[in-house]
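# Structure assessment
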Amino acid sequence: MEEKDFTLIKRELVEALFIIGEEREFFELVCKHLAGITGAEACCVFLLAEDGNFKFTAGYNFPEEKSLQLLASVEKDFTEKEKIVLDKEKLGFPSIVYFSFFSGKKPLGFSVLCSKKEHFSLSRELLFKLGEDVTFLLEKIRFIHNLREKSIRDGLTGLFARGYFIARLREEISRAERKGEKVCLLFCDIDDFKAINRTLGYSEGDRVLCRLSHLIGSCLRKEDLVCRYGGDEFAVLLPSTDHSGAREVAKRILAEIKAQTTRGEFLPSLSIGVVCYPDDANSLEDIMVKADISTIFAKHCPEEKIITWGNWESIQEKKFSSREIIPEVIYALAEVADEKNSYVSSHSKLLSQEAVSLARKMGLDEERARKTEMVALLHDIGNLAVPEYILNKPGSLTDKEWEIVKQHPLYSVQFLSKMRGLDDLAAPVRSVHERWDGKGYPNGISGEDIPIESRIVFVVCAFRAMLSERPYRKRLTRKQAVEELKSQAGKQFDPGVVRVFLNTLKEGLDGRLSQS
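Residues numbered from 1 in each chain as written. Predicted model: local features only at pLDDT ≥ 70, side-chain atom pairs only at ≥ 80, totals over all residues. Heavy atoms only, no water.

### Comments concerning the overall build of the protein chain
- Secondary structure assignment for the protein chain yields 20 helices and ten strands.
- By residue count, 50% of the 516 residues in the protein chain fall in the buried class.
- Restricting the contact set of the protein chain to residue pairs at least 6 apart, pairs at least 24 apart contribute 63%.
- Split by element, the accessible area of the protein chain, about 25,200 Å² in all, is 49% carbon and sulfur. (Helix = DSSP H or I, 4+ residues; strand = E, 2+ residues; numbered from the N terminus. Buried < 20%, exposed > 50% of the residue type's maximum accessible area, 1.4 Å probe, protein only. Contact = heavy atoms within 4.5 Å. Areas by Shrake-Rupley, 256 points an atom, 1.4 Å probe, with all protein chains shown as cover.)

Structural data, given as structure tokens:
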């Protein structure tokens, strides 16, 4: 074998390190190349496991069922002093060569090369070289694996982090869709966690997080997945599980926490939201926001620590329409809607501040002004049902794609109409994209038939959009945006709203718009 041949193969294997994630898969490739460059018919690798025993890791043209017999034969000769052993006539192969690889004095494993040739042999120099190179590759793949683990795991609890969880949820939704199955999601929020950090200290808060993460994990099946989703939130993925099964898991988690507190350990309880795909949601974003909102409801219902999306009838209506809970729900919805659009950041919150300022300037009473604020926050919630590739498309939309976009106000209405306390926002949210001249969508209503809250939000939203960079066009200057509003007053926009809005800009009463 030429030295340059192995150098090229080693370079190929190093490149493969960054593509192949599993140790077994990588060493299958190593075995194939080792057999190829040495002329052996078969090759396998044994690595030292955590229990101190050698385990079959991978092979090429080598039957795994014979690995125990081979291991028993080779281990007898495997010592630190004699790192390379040459032997013959084992397991039906006339010639067998095996060599070990070490990191310093620590054994890592060994590789076995099998040949049907009577006189198959390799020089000790080459075997030493192979051993050194395999050691290098093994340490590299373990280093990369460690980096990957750190990037997808929470440093405190050791649970998977949010990004990895969302990727797995996306995979499970696709799998459930293909197989006609269900997948459930639990959102678990620690009750009064901020108070624990504030009164007992962050070290106690860290202990609570680690204990709860362990207790949640102990209540799950092997195929389930738990992650630390936020500072005081855990998310649990339950494949092939329906509502009743998910509620049983949630009850088991709460019962385990209660059992620990009964034994004298201080642990806060959890508020748990339950959502099932496809019964409750039709997309990843949809299932996430509904799980989040269900958890908010659970936090405000001490006697109902587990809330399944849509089972409001079993709970008193007043708990869902109180002033305490509705703002939380609205901001949760708006935040998720903003996250789906790559070109906006805190879009809905900023828009709502500008809209409520304009509503007051137009003389609306405080109740109508606050309603305008909520309409501004929620007017794009229907985008959760619109595919991301359409929302963030860099070019012009096709006619079919545009028809899908025009449906998003109807999706918003469907969403809000199911939630007590928000259902009165459905009509103005539905009408935000209606035009003064009747050429808007979804219903083509015109003039003062459009709710005033919708007309205000439409003007502010349009102005904000013109000042923003979008995938399909460059941002306009402030002067250009003002001229566009003037030219469209009485056509696209309510002329009265435009007039007050432009006066507000001139007077500088709204600092954010003036700065823009």
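What follows picks up the thread again.
### Description of unusual backbone geometry
- A cis amide bond, omega 5 degrees, links Tyr-277 with the succeeding residue Pro-278.
- Counting through the fold element by element, Pro-278 comes out in the loop between strand 9 (270–277) and helix 9 (284–299).
- Across the junction of Tyr-441 and Pro-442, the peptide omega takes the value 15 degrees, indicating a cis bond.
- By secondary structure assignment, the location of Pro-442 is in the loop between helix 16 (426–430) and helix 17 (452–466).
- Of note, the phi angle at Asn-61 is positive, near 55 degrees, even though the residue is not glycine.

### Overview of the pattern of salt bridges
- Tallied over the entire structure, the rule returns 27 salt bridges.
- Ionic pairing is found between Lys-182 and Asp-279, a salt bridge with its closest N-O pair at 2.8 Å. A residue pair is termed long-range when its members are at least 10 positions apart, and Lys-182 in the loop between helix 5 (162–179) and strand 6 (183–190) and Asp-279 in the loop between strand 9 and helix 9 qualify at 97 residues.
- Using a relative accessible area of 31% as the deciding quantity, one classes Lys-182 as partly exposed.
- The residue Asp-286 makes a salt bridge to Lys-290 at a minimum N-O spacing of 3.3 Å. Here Lys-290 and Asp-286 lie together in helix 9, a separation of four residues that amounts to about one turn.
- With a relative accessible area of 5%, Lys-290 lands in the buried category. (Salt bridge = Lys/Arg side-chain N within 4 Å of Asp/Glu carboxyl O.)

### Some remarks on the pairing of strand 5 (residues 106–115)
- With eight of ten residues buried, strand 5 is to be regarded as a mostly interior element.
- Here strand 1 (residues 42–48) runs beside strand 5; their pairing, made up of six bridges, is antiparallel. For Leu-47, the partnering residue across the bridge sits in strand 5 and is Gly-109.
- With antiparallel pairing between neighbouring strands as the criterion, strand 4 (residues 93–103) and strand 5 make up a hairpin whose turn holds two residues, including Gly-104 at a positive phi of roughly 65 degrees. (Pairing = 2+ DSSP bridges.)

### Considerations on the sheet that holds strand 6
- Here we have five strands laid out as an open sheet, ordered 7-8-6-9-10, and mixed in their pairing. Sheet topology places strand 7 (225–230) and strand 10 (306–308) at the edges, where each strand pairs with a single neighbour. When the angles between neighbouring strand axes are averaged without regard to direction, this sheet yields 20 degrees.
- In this sheet, strand 8 (residues 233–239) lies alongside strand 7 in antiparallel orientation, the contact comprising five bridges. For Leu-225, the partnering residue across the bridge sits in strand 8 and is Leu-237.
- Each of strand 6, strand 7, strand 8 and strand 9 touches helix 7 (residues 202–218); the most contacted strand, strand 8, lies at about 10 degrees to it.
- Where helix 8 (residues 243–262) meets the sheet, its contacts fall on strand 6, strand 8, strand 9 and strand 10, and the angle it forms with strand 9 comes to roughly 165 degrees. (Axes fitted to C-alpha atoms, helices over the stretch in contact; angles between N-to-C directions.)

### A word on the confidence of the model for the protein chain
- For the protein chain, per-residue confidence averages 81 on the pLDDT scale, and residues scoring 70 or more make up 81% of the total.
- In this model, residues 79–88 is a region of pLDDT below 50 whose contacts with residues beyond four sequence positions or in other chains number 28 contacts. (pLDDT = per-residue confidence, 0-100.)

### Focus on the packing of aromatic side chains
- Taken as a whole, this structure holds eleven aromatic pairs when the rule is applied.
- Across the ring face of Phe-160, the terminal group of Arg-153 is positioned such that the distance to the ring centre comes to 3.9 Å. (Phe/Tyr/Trp six-rings, centres within 6.5 Å; stacked < 30°, edge-to-face > 60°. Lys NZ or Arg CZ within 6 Å of the ring centre and 35° of its normal.)

### Some remarks on the nonpolar core
- Among the nonpolar cores identified, the biggest contains 38 residues, and Ile-456, Phe-463, Leu-485 and Phe-501 are the most heavily contacted of them.
- Those elements that place two or more of their residues in this core are helix 11 (347–361), helix 12 (366–378), helix 17, helix 18 (478–488) and helix 19 (495–507).
- When residues in this core are grouped by element, the largest group, ten residues, is from helix 17.
- With residues near it in sequence (within four places) discarded, Ile-456 still touches Ala-355, Leu-358, Ala-359, Met-362, Leu-364, Thr-372 and Val-497.
- Counting 30 residues, the second-largest nonpolar core is a separate cluster that includes Leu-186, Val-226, Phe-234 and Leu-267. (Core = buried A, V, L, I, M, F, W, Y, C linked by side-chain atoms within 4.5 Å.)

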